[in-house]
Each structure stands twice: as C-alpha cells, then as structure tokens.
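# Fold and geometry: a report
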Amino acid sequence: MLKDLIEYVAKSLVDNPDQVHVSEIEGEQTSVLELKVAKEDLGKVIGKQGRTARAMRTILGAASTKARKRSVLEILE
C-alpha cells in the first residue's frame, strides 16, 4: 500500500513514469522505501530546496501512521 502510494506520486511528477521504480525493504518495525527515477527527473522528485521530497515523506509518514508502521523514504541517484 505505501509502496503504491509513493509510486503513484512519483509517476505523477516525472517526465518518464516508466522509469520510476520503488522497492520496499521491510524490517521488524521499520520499512525502507527506495525510490529510483531517471537521472533527468531527479530534480523534479526532490524539488526546490527539497520541498517535494519533504512533502512525499510527510505523506508517507501520515499513511504509515495509519498502517501502524514506521516508514522511511530514500531517493536513490
């Protein structure tokens, strides 16, 4: 569910939605979501001064609180 949410948001932001890949690494208490996009779309996902990335992390935090889980978003280059 959280993976699909981040994938949907990222695909809506970028020019190459087919190159958006989200992988989830689940731990006992925390799951790490790794977001990988095309190199030219990296700026769109991060945003000015990291605002877009911060907003995505806020959405993820709210959704993971509802799912009673802790999630971390990592944006890979």
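Before reading further, recall that the structure is shown in the block above.
A brief report on the enclosed structure follows. The structure displayed is predicted, hence computed values, not measured ones.

### Remarks on the sheet that holds strand β2 (residues 30-36)
- Sheet architecture is open: 3 strands sit in the order β1-β2-β3, paired in mixed fashion. Since the sheet does not close on itself, it has two edges, and those belong to β1 (21-26) and β3 (70-76), each with one partner. Mean inter-strand twist for the sheet, computed between neighbouring axes without regard to direction, equals 20 degrees.
- Relative to the sheet, helix α1 (residues 2-13) contacts β1, β2 and β3, its axis offset from that of β1 by approximately 155 degrees.
- Along the sheet, helix α3 (residues 51-66) makes contact with β2 and β3, crossing β3 at roughly 155 degrees.

Cut-offs used in this document
- Residues numbered from 1 in each chain as written.
- Predicted model: local features only at pLDDT ≥ 70, side-chain atom pairs only at ≥ 80, totals over all residues.
- Heavy atoms only, no water.
- Pairing = 2+ DSSP bridges.
- Helix = DSSP H or I, 4+ residues; strand = E, 2+ residues; numbered from the N terminus.
- Axes fitted to C-alpha atoms, helices over the stretch in contact; angles between N-to-C directions.
- Contact = heavy atoms within 4.5 Å.

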